[in-house]
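Topology and contacts: notes
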Amino acid sequence: MALTVTCLTLAGCQKQNNATVGNTINDMVGEMADKAADNTVADSADITMDKSADITDAGAVTNAERLKYKEVKVLKTDDTGDLRVKIEIDYPISGPQATVESVRKYIMEQIEDPFYYGANSTRQKPHYTGDTNDYEALVDFYMQAWLEYLAEDRPPRGTHMETEFEIDCKAANQRFVSYEVKLFQFMGGSHPNRTQTGMTFRAADGKRVKRFFDVVPEDVIKNGIANDVDDEEKEFVRESGLPYTAPYMSDDNEMKFVYQENEIAPYVVGIIEAEIDIDDIRQYLNDEAKKLLGDN
């Protein structure tokens, strides 16, 4: 029995690690260089971060066209209570159609990406093909898919396994929309894993913006990150390169950079994240990024 539990623990850890790796993409260097609540749906949230008058140039949308979303929060467990899935989404319900569709597609990708069936598997990941306006049906589909996925490697009774998604809208102004995705997984291994990534979308057409610099000012960015993290994390930042995952706008005036667990520091340090004021890096932004921020 002890041997069986040990083998299941190692297998769960391996599956969990592979799922986590599959949810990260090196956009920063590659592209920039070239608890339990019942199923609930919260009231509509209308983002109004920018109070300025309507802007009608090609790079922006009007106040009335801004992205609006529903706060959708759902939690489910299996009949034993051992398996738990939680999904929280700021789900787009209105706004520029191209942007609404782009963000919805991104949300679905983030929920699907951590499914992992082995390096040589040809098995397809679950994918919702119904009406994307029906956010309740969409979330229910992925909740059930994740419960079934966890059940496939069910450990001995009483062993907890869970997956949690928090997909939050961080900014929705006239020029861009930003989303942040936090994933928590415990797959029966020795410890849980977490990832944190994000994406910025151009409000006018929903284009994903990953390339903020033509030439990445590495030293400037690293200094900015070091200035914003805890003292115990500063040395790890100074001795490392830039984060593996792409940065994103965390609000109207700040860009977020995130090092994943184990990327530059021991697991116990956790995720290292920092926000850099746009004014500190504005001179290094490329033309597209400057237009995104309203600079002429």
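See the structure printed just above.
Residues numbered from 1 in each chain as written. Predicted model: local features only at pLDDT ≥ 70, side-chain atom pairs only at ≥ 80, totals over all residues. Heavy atoms only, no water.

Moving on, we come to unusual backbone geometry. Despite not being glycine, Asn262 shows a phi value in the positive range, around 70 degrees. Within the secondary structure, Asn262 is located in the loop between strand 9 (254-259) and strand 10 (272-277). (Helix = DSSP H or I, 4+ residues; strand = E, 2+ residues; numbered from the N terminus.)

Residue placement: Gln260 occurs in the loop between strand 9 and strand 10. Under the relative-accessibility criterion, Gln260 is labelled buried at 8%. Of the polar contacts made by the side chain of Gln260, one reaches the side chain of Thr245; its length is 3.3 Å. (Buried < 20%, exposed > 50% of the residue type's maximum accessible area, 1.4 Å probe, protein only. Polar contact = N/O pair within 3.5 Å; in protein donor to acceptor, adjacent residues only side chain to side chain.)

Looking now at the nonpolar core. Core analysis: the biggest nonpolar cluster contains 39 residues, and Ile87, Ile89, Ile107, Ile111, Val139, Ile167 and Tyr179 have the highest contact counts within it. At the level of elements, strand 2 (68-77), strand 3 (83-94), helix 3 (97-112), helix 4 (135-152), strand 4 (161-172), strand 5 (176-186) and strand 6 (193-202) are the ones that each hand at least two residues to this core. The element contributing the most residues to this core is helix 4, with 10 residues. (Core = buried A, V, L, I, M, F, W, Y, C linked by side-chain atoms within 4.5 Å.)

Below, the discussion takes up the pairing of strand 3. With 10 of its 12 residues buried, strand 3 lies for the most part within the structure. Hairpin connection from strand 2 to strand 3: 5 residues lie between these consecutive antiparallel strands, with Gly81 at a positive phi of about 85 degrees. (Pairing = 2+ DSSP bridges.)

Moving on: the pattern of salt bridges. In the structure shown here, the tally under the stated rule is 17 salt bridges. One salt bridge connects Glu88 with Lys86, and the closest N-O pair in it is separated by 3.1 Å. On the accessibility criterion, Glu88 (16% relative accessible area) is buried. Asp279 is the salt-bridge partner of Arg282, the closest N and O atoms lying 2.9 Å from each other. Overall, the relative accessible area of 26% leaves Arg282 in the partly exposed class. Through salt bridges that share partners, Lys170, Glu180, Lys256 and Glu273 make up one connected network. (Salt bridge = Lys/Arg side-chain N within 4 Å of Asp/Glu carboxyl O.)

A separate point is the sheet that holds strand 10. Strands belonging to one sheet form pairs held by backbone hydrogen bonds; the direction of such a pair is parallel or antiparallel. The sheet built from 3 strands is open, its strands ordered 8-9-10 with antiparallel pairing. Each end of this open sheet is capped by a strand with a single partner; those strands are strand 8 (248-249) and strand 10. Where strand 8 lies against strand 9, 2 bridges are found, and the strand directions are antiparallel. Each bridged residue has a counterpart across the sheet, and for Met249 the counterpart in strand 9 is Met255. This element, helix 5 (residues 218-228), spans strand 9 and strand 10 of the sheet and lies at about 110 degrees to strand 10. (Contact = heavy atoms within 4.5 Å. Axes fitted to C-alpha atoms, helices over the stretch in contact; angles between N-to-C directions.)

Once that is clear, we can look at the packing of aromatic side chains. Counted by the stated rule, this structure contains 9 aromatic pairs. Both rings, one in Tyr106 and one in Phe201, keep their centres 5.4 Å apart while their planes meet at 75 degrees; by these two values the pair is edge-to-face. Here Tyr106, found in helix 3, pairs with Phe201, found in strand 6; they are 95 residues apart in sequence, far enough to count as distant. Comparing Tyr106 with Phe201 shows no difference in burial state: the two are buried. (Phe/Tyr/Trp six-rings, centres within 6.5 Å; stacked < 30°, edge-to-face > 60°.)

Attention shifts here to the environment of Gly198. Its place among the elements puts Gly198 in strand 6. Owing to a relative accessible area of 7%, Gly198 belongs among the buried residues under this scheme. When the C-alpha positions of Gly198 and Ile167 are compared, they lie 9.0 Å apart, and in sequence the two are 31 residues distant. The contacts of Gly198, once residues within four sequence positions are left out, are Tyr106, Tyr179, Glu180 and Tyr248.

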